[in-house]
Amino acid sequence: MSPQLELRLPDGSIRQVAPGTTVRQVAADIGPGLAKAAVAGEIEGDVIEIDRPIESGGAFRILTARDEDALHVLRHSAAHLLAMAVLDLFPGTDLGFGPATDDGFYYDFRTPRQIVEEDLPKIEQRMKEIVKEKRAYARVEVDRSGAKERLQGLGFELKIPHVDEIPEDVISFYDSGTFTDMCEGPHVPDTGWIEHIKLLSVSGAYWRGDASGVPMQRVRGTAFFGKKELKAHLERIEQARLRDHRKVGREMDLFSLHAEGPGFPFWHPKGAILWNALEGLVREELLARGYGEVRTPTVLSDELWKRSGHWDHFKDDMYFMEIDERSFAVKPMNCPGCCLIYGSKPHSYKELPLRMAEFGGVHRNEMSGVLHGLLRVRAFTQDDAHVYCTEEQLEDEIGDMLDMTRAIYDAVGFHDIKTRLATRPEDAMGDPEAWERAEKALGSALDKNGFEGWTLAPGEGAFYGPKIEVHVTDALGRSWQCGTVQVDFSMPERFGLEYTGRDGAKHTPVMIHRAILGSMERFVGILIEHYAGKFPLWLAPVQAKVLSITEKQADYALEVSRQLQAAGVRAEADIRGDKVGSKIRDATLERVNYMLVVGGREAESGQVDVRTRAGDRLGAMSPDEFVARALAEIRNRA
RNA sequence: GCCGGUGUAGCUCAGUGGUAGAGCAGCAGUUUUGUAAACUGCAGGUCGUCAGUUCAAUCCUGACCACCGGCUCCA
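These figures come from a predicted structure and were not determined experimentally. (Residues numbered from 1 in each chain as written. Chains lettered and ligands numbered in written order. Predicted model: local features only at pLDDT ≥ 70, side-chain atom pairs only at ≥ 80, totals over all residues. Heavy atoms only, no water.)

A short note on the overall build of chain A
Scanning chain A from N- to C-terminus turns up 20 helices and 33 strands. Every one of the 638 residues in chain A was classed for burial, and the buried ones make up 52%. Taking the intrachain contacts of chain A between residues at least 6 apart in sequence as the baseline, contacts between residues at least 24 apart amount to 68%. Carbon and sulfur atoms provide 50% of the accessible area of chain A, an area that totals close to 29900 Å². Each charge sign in chain A was given a centre, from 80 positive and 102 negative side chains, and these centres are 5 Å apart. (Helix = DSSP H or I, 4+ residues; strand = E, 2+ residues; numbered from the N terminus. Buried < 20%, exposed > 50% of the residue type's maximum accessible area, 1.4 Å probe, protein only. Contact = heavy atoms within 4.5 Å. Areas by Shrake-Rupley, 256 points an atom, 1.4 Å probe, with all protein chains shown as cover. Lys, Arg positive; Asp, Glu negative; His and termini not counted. Charge placed at Lys NZ, Arg CZ, Asp CG, Glu CD.)

Description of the confidence of the model for chain A
Chain-level statistics for chain A give a pLDDT mean of 92 and a share of 100% at 70 or above. Prediction confidence for the complex, expressed as pTM and ipTM, is 0.92 and 0.94 respectively. (pLDDT = per-residue confidence, 0-100.)

Re the nonpolar core
In terms of nonpolar packing, the biggest core is built from 82 residues, with Leu278, Ile398, Tyr409, Leu564 and Phe626 touching the most fellow members. Core analysis: the second largest hydrophobic core is formed by 51 residues, Leu63, Ala79, Leu87 and Phe90 among them. (Core = buried A, V, L, I, M, F, W, Y, C linked by side-chain atoms within 4.5 Å.)

A few points about the pattern of salt bridges
Enumeration according to the criterion identifies 50 salt bridges in this entry. Across the pair arginine 126 and aspartate 88 runs a salt bridge whose closest N-O atoms are separated by 2.8 Å. Of this pair, arginine 126 sits in helix H4 (residues 119-133) while aspartate 88 sits in helix H3 (residues 68-89), placing them 38 residues apart in sequence. Accessibility expressed as a relative area gives 18% for arginine 126, which makes it buried. For aspartate 88, a relative accessible area of 32% corresponds to the partly exposed category. Linking glutamate 303 and arginine 307 is a salt bridge whose minimum nitrogen-to-oxygen distance equals 3.2 Å. With glutamate 303 and arginine 307 both in helix H10 (residues 302-308) and 4 residues apart, the pair spans about one turn of that helix. Put simply, Asp88, Arg126, Glu129, Glu133 and Arg135 are held in one network by salt bridges that share partners. (Salt bridge = Lys/Arg side-chain N within 4 Å of Asp/Glu carboxyl O.)

Structural notes on helix H1 (residues 23-30)
Along H1, the residues that are buried comprise Val23, Val26 and Ala27. Along the axis of H1, the buried residues cluster in a sector spanning 100 degrees; they form a single face. Next to the buried residues of H1 lie strand E1 (5-8), strand E2 (14-17), helix H2 (32-37), strand E3 (38-43), strand E4 (46-49) and strand E5 (58-64). (Arc of directions from axis to C-beta.)

What about the side chain of glutamate 439?
Considering the arrangement of structural elements, one finds glutamate 439 in helix H14 (residues 432-448). One buried charged residue, glutamate 439, remains without a salt bridge, the closest side chain of opposite sign being arginine 424 at 6.2 Å. Those residues in contact with glutamate 439 that lie beyond four places of it in its chain are Leu421, Thr423, Arg424 and Pro466.

What about the protein's contact with RNA strand B?
Surveying the vicinity of RNA strand B reveals 52 residues, the closest of which are Met182, Tyr206, Ser368, Arg585 and Asp609. Among all atoms of RNA strand B positioned within 4 Å of the protein, those belonging to sugar or phosphate total 48%. Residue glycine 577 places a main-chain N or O atom 3.0 Å away from a base oxygen belonging to RNA strand B. Arginine 611 places a polar side-chain atom, nitrogen or oxygen, 2.6 Å from a sugar or linking oxygen of RNA strand B. Broken down by secondary-structure element, the contributors of at least two residues to the surface near RNA strand B are strand E12 (196-206), strand E13 (215-224), helix H8 (245-251), helix H18 (580-589), helix H19 (600-605) and strand E32 (608-612). Top element by residues in the surface near RNA strand B is H18. It accounts for 6 residues. Grouping the amino acids of the surface near RNA strand B by side-chain chemistry returns 17 nonpolar, 16 polar and 19 charged. (Near = heavy atom within 4 Å. Polar contact = N/O pair within 3.5 Å; in protein donor to acceptor, adjacent residues only side chain to side chain. Nonpolar A, V, L, I, M, F, W, Y, C, P; charged D, E, K, R; others polar.)

Notes on helix H5 (residues 144-154)
When we look at burial in H5, the residues that qualify are Gly146, Ala147 and Leu151. The arc that holds every buried residue of H5, seen down its axis, measures 135 degrees, which confines them to one face. Away from its buried face by more than 90 degrees, H5 exposes Glu149 and Gly153. For H5, the secondary structure elements touched by its buried residues are strand E9 (138-142), helix H6 (160-163), strand E10 (171-176) and strand E11 (179-182). Following H5 by one or two positions, glycine 155 has its phi on the positive side, about 80 degrees.

Section: the environment of valine 546
Mapped onto the elements, valine 546 comes out in strand E29 (residues 544-548). Expressed as a C-alpha distance, the spacing of valine 546 and glutamate 559, which sit 13 residues apart in the sequence, is 9.6 Å. Residues contacting valine 546, with those up to four places away along its chain left out, are Ala557, Val560, Ser561, Leu564, Glu572, Ala573, Asp574, Leu596 and Val598.

A closer look at the packing of helix H13 (residues 394-412) against H14
Relative orientation and spacing of two packed helices are given, respectively, by the angle between their axes and the distance between those axes. It is the contact of H13 with H14, at a shortest axis distance of 8 Å, that shows an interaxial angle of 45 degrees. Between H13 and H14, the angle is such that the two are oblique. Our pair here, H13 against H14, has a crossing hand that is right-handed. Residues Leu394, Glu395, Ile398, Gly399 and Leu402 of H13 form the contact with H14, whose participating residues are Ala438, Ala441, Leu442, Ser444, Ala445, Leu446 and Lys448. Split into classes, the residues belonging to the contact of H13 with H14 amount to 8 nonpolar, 2 polar and 2 charged. (Axes fitted to C-alpha atoms, helices over the stretch in contact; angles between N-to-C directions. Parallel < 35°, antiparallel > 145°, perpendicular 65-115°, else oblique. Left-handed = near helix turned anticlockwise from the far one by under 90°.)

Some points on the packing of helix H17 (residues 554-566) against helix H20 (residues 623-635)
At a closest axis distance of 10 Å, the pairing of H17 and H20 adopts a crossing angle of 35 degrees. Crossing of H17 over H20 shows right-handed handedness. From H17, Tyr556, Val560, Gln563 and Leu564 reach across to H20, where they touch Pro623, Asp624, Phe626 and Val627. Here the residues of the contact of H17 with H20 are counted per class, giving 6 nonpolar, 1 polar and 1 charged.

Looking at the sheet that holds strand E24 (residues 467-473)
The strand order across the open sheet built from 8 strands is E16-E20-E21-E28-E25-E24-E22-E23, with neighbouring strands paired in mixed fashion. Only two strands of the sheet have a single partner each, and these edge strands are strand E16 (292-293) and strand E23 (455-457). Relative to E24, strand E22 (residues 417-422) runs antiparallel, the two sharing 6 bridges. Opposite leucine 421, over in E24, you have isoleucine 468 as the bridge partner. In the packing of H13 onto the sheet, the strands contacted are strand E20 (354-363), strand E21 (379-389), E22, E24, strand E25 (479-488) and strand E28 (510-519), and the crossing angle to E28 comes to about 10 degrees. Its contacts with the sheet put H14 on E22, E24 and E25, and the angle it makes with E22 is roughly 165 degrees. (Pairing = 2+ DSSP bridges.)

Considerations on the environment of phenylalanine 535
By the secondary structure assignment, phenylalanine 535 is in the loop between helix H16 (520-531) and E29. Its relative accessible area of 1% is what places phenylalanine 535 among the buried residues. A sequence separation of 57 residues divides phenylalanine 535 from valine 592, and the C-alpha atoms of the two residues are 8.7 Å apart. The contacts of phenylalanine 535, once residues within four sequence positions are left out, are Met252, Leu274, Leu527, Ile528, Ala540, Pro541, Asn593 and Arg613.

Remarks on the sheet that holds E1
If you walk across this open sheet you meet the 5 strands as E2-E1-E5-E3-E4, and the pairing is mixed. Either end of the sheet is taken by a strand with one partner, and the two such strands are E2 and E4. Averaged over all pairs of adjacent strands, the angle between their axes in this sheet comes to 35 degrees, without regard to strand direction. Across the sheet, H3 lies against E3, E4 and E5, angled at about 65 degrees from E5, the strand it touches most.

Take a look at the structure:
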């Protein structure tokens, strides 16, 4: 009698099974319904397919279509399915990698001829045929040399060198009919599971992301267990397209981009309102939290950038120029300038923490291919700050920064915030013990300020110190990294910054860099997409529009709009000869928050008939009454 | 930077080897209108830039510029 394995199920019950029992058998044993719904199994966190024999005991669960991890399995299998179809249609294709991603899957191919957009429907069609065949994903295990032989035989040459990089000695292949791919798995039982798929794009990629390496083509797609989920996902993509900040920005006349300055956005008056509103919000917090605001020059001597270390790490991204036979650089960061301010006079420990904020415009020569609207630019303004303090003050300071971050994100409407703590990388400089203390201070500050859910990103810190990354989730569920808090042991030293301690001796302060919105440009872009241009009143470029019903009310409409402007409400008047329905349509498309309709009745009684952007009628009221309402709403940032 | 695609009026887009159109927006007039599109007319373009092929190029070729999608969440 063989020893039994012990499986701990999610409900706490224990099941004894013989070694070699498959996941499917366990599921069937629990219930026939579960056996049918089972996609894969999970033992001690390792996902395995349903026909794999169970070799060890431990925490066990059956994954069904409802599990997030199962979706990942499905999509990985979908990537294989894609490769099957491409190999059928493009014989002689070599395979790259084909993983599942957060929202779908892709596979990289080297094909005899280019795959073009028009090929996607054909590939998708072929995939659907293979789905109907219900081809199994049969796992085959071989050793290292067997793997190479197999790949050689299949003509998959790119993957051959990769075999040596696989740590395990047992290498698995998955056979599905005529198709075979070296793959770690796991997979769904057969292709019949992958009914709901959509190919989305074909684009360039490189073998292992190396731009000097083999060029390949990446086909991207997505897959879901259910038709409804796929449909919802495609609708979300369409939603994202509709709220694309480049499109909305043009429609609302917020900003423009020109060939004369690629990556250098031009802000129009209405876009500048958003910018100024955000700056105002941040300034309020700065004042309340004891920051001073500084401004440092855009162009500074080369020598400064050599001293700061940017020359070594950042030179390729910087702009240079010659002035009076001296070499200057356009600043890519604000910190060195701020350090010059700190160093301009002696400091006492009593001044610490010394907090200096700067809305600092920086230029970075990003690669031309990565530019993207406001989200990836070459000139941007950071809501930057540098705090000089003692190591003992780190935790409280970081805590206050996190608190400020939360306050600001709350005000702009981002309530779902995620944080990551990035720790000491390989090439770190400075005392490892100081690193450890700083990492502890960052973690502890996160815990004490309501960010207990933070995740650890080992080795992802900057070379000069650990950092916290702050991510926000937008209305479409997308995550954006905006804020960052970075401890810096290096720069104060490089600049010889000092303070006099209680002991009368000179000490080097620790420096914290932090930004909350990150880049103003990018943040406005994110906000545009978050709100789809339908901003809350305090941010809205045009808060109210007075619409005359006939030309007889033109003067009254203009008078009302001037009255609103004088009271601090951003108002316009539409006195064109069009019918009011047409003006309402236009104002709605412009995403104006309030429409104040004025006809004969209102002109007579000195009132306005208020309609919201959403179409609600608030009824007639005096302009003063409307102003009071609007100002209250603006004040509350509702 | 690299791969692929795109570039025609302010916007969305047709179109052709013989120097260009529509809708919306704009302007003018008519209408004087009550909560998401009144009617008529007018104006608007070096067809991204520069070269080449051709009797002739917005169209074909090349270079450049800009934009769009992407460029390892590892078999």
